[in-house]
Amino acid sequence: MKFRVHVSLKQGVHDVQGEAVERVLKRQGHSAIANVRIGKFIDLEVEGAPEQAQALAEQAARELLSNPVIERYWLEPLK
Amino acid sequence: MRVTVVTFPGSNCDRDVRHIFAGLGCDVKAAWHEDEQLAATDAVVLPGGFSYGDYLRTGAMAAHAKLMQQVRAFADKGGPVLGICNGFQILCEAQLLDGALLRNQSLQFICDDVEVTVESDDTPFSRGLKGRKLLLPIAHGEGNYFADEATLDKLESEGRVIFRYGEDNPNGSRRRIAGICNSKRNVVALMPHPERAADALLGRTDGKAILSSLLLGVA
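Since we're looking at a predicted model, the values are computed, not measured.

Reading guide: rules and limits
Residues numbered from 1 in each chain as written. Chains lettered and ligands numbered in written order. Predicted model: local features only at pLDDT ≥ 70, side-chain atom pairs only at ≥ 80, totals over all residues. Heavy atoms only, no water. Phe/Tyr/Trp six-rings, centres within 6.5 Å; stacked < 30°, edge-to-face > 60°. Helix = DSSP H or I, 4+ residues; strand = E, 2+ residues; numbered from the N terminus. Lys NZ or Arg CZ within 6 Å of the ring centre and 35° of its normal. Contact = heavy atoms within 4.5 Å. Buried area = accessible area lost by both parts, 1.4 Å probe. Salt bridge = Lys/Arg side-chain N within 4 Å of Asp/Glu carboxyl O. Polar contact = N/O pair within 3.5 Å; in protein donor to acceptor, adjacent residues only side chain to side chain. Nonpolar A, V, L, I, M, F, W, Y, C, P; charged D, E, K, R; others polar. Buried < 20%, exposed > 50% of the residue type's maximum accessible area, 1.4 Å probe, protein only. Pairing = 2+ DSSP bridges.

As enumerated under the stated definition, the model contains two aromatic pairs over all chains in all. Taking 5.9 Å as the distance between ring centres and 20 degrees as the angle between the ring planes, the aromatic pair formed by F88 of chain B and Y145 of chain B counts as stacked. Of the two residues, F88 of chain B is situated in helix α3 (residues 86-93) and Y145 of chain B in strand β8 (residues 144-146); the sequence distance between them amounts to 57 residues. The ring of F41 of chain A is capped by R4 of chain A, whose NZ or CZ atom sits 3.9 Å from the centre of that ring.

To continue, consider the interface of chain A and chain B. The partner chain B presents 17 residues to the 17 residues of chain A that form the contact. Counting each side, the surface lost to burial between chain A and chain B is near 1,400 Å², with a carbon and sulfur contribution of 62%. Per-residue buried area on chain A facing chain B is highest for H14, V16 and L64 of chain A; these three make up 37% of the total on that side. The salt bridge partner of E71 of chain A is R57 of chain B, with a shortest N-O separation of 3.7 Å. Viewed at the interface, chain B and chain A are joined by six residue pairs in polar contact (both at pLDDT 80 or more). For the side of chain A that touches chain B, the elements supplying multiple residues, two or more each, are α1 (16-27), β2 (40-45) and α2 (50-65) of chain A. Residues belonging to the side of chain A that touches chain B are distributed by class as follows: nine nonpolar, five polar and three charged.

Before going further, it helps to spend a moment on unusual backbone geometry. All names here are of chain B. Even without being a glycine, R175 presents a positive backbone phi close to 55 degrees. Position of R175 among the secondary structure elements: in the loop between β9 (161-165) and β10 (177-181). When its relative accessible area of 28% is taken as the criterion, R175 is described as partly exposed. At R185, a residue that is not glycine, the phi angle is positive and equals roughly 65 degrees. With respect to the element layout, R185 can be found in the loop between β10 and β11 (187-190).

All names here are of chain A. Secondary-structure assignment places E58 in helix α2. When the C-alpha positions of E58 and Y73 are compared, they lie 8.9 Å apart, and in sequence the two are 15 residues distant. Beyond its immediate chain neighbours, meaning those up to four positions away, E58 contacts Y73 and L75.

Right, let's talk about the pairing of β10 of chain B for a bit. Residue and element names in this part refer to chain B. For β10, a buried count of five out of five residues is recorded, marking the element as mostly surrounded by other parts of the structure. In this structure, β9 lies alongside β10, joined through three bridges in antiparallel fashion. Along β10, the bridge assignment pairs V161 with I180. Two strands pair when backbone bridges link them, and β10 and β11 are joined in this way by three bridges, in the antiparallel orientation. Considered in β11, the bridge of C181 is made with V188.

Structural data, given as structure tokens:
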């Protein structure tokens, strides 16, 4: 199965990069854009039965791909 | 005093750390991140650098190195562990220390000398240093210490903020935190580089006291 692990900063964690990007967007005249937050995604291919594959992807997301102190993740199954 | 300095792929301050501890008369060992066993030692140091190129998150992958299981066991038994810069990041990722190090507020990599105040002498790396102001070099892009308010309050109330920046907080760290310790006070880490301020040849020596503090703990 293929998964996309989405990782984003938790609410309340200061996104310094997001703020910098927002400043540049506003400087370009796009004053309607606000609250820019930057995340990332990691694509995985996992062998095995769907339930086990999902569990393994979740484990990878929890243990390595995201830092629970500052980030949250969610899994998106891919075609 | 046996001191083990761990090298991860991309660590680049390991040799400087070994050099200073050797100069202090310690029996210094170099350990490799893939080592299965941690040879008997009195202290472990995770040095600065760019382990795994800071890929994914700085310190994230080094935290899962084979040898880190042994380092964790050593720390759990009360062994002194010091994390410097990338070492601090690795210890946070390994959850041996609270919080996380984010990108500097300015988004710039900062290479500068900063004054840091030592707030506690109750750790293996700050004995006799309470109240001292040390001029130490920093060189980092992700030294912005973050933890939620409850954790920050806990760190403060338990006296676990060991090193603090002055008003000129260089990177936006919450509560101007430059270094902390764990609840058992045996795992200590800081973003500044004491090993780069420990040899008169380089012009600054305030960092030497942090490293030589380890020797003061010997009964």
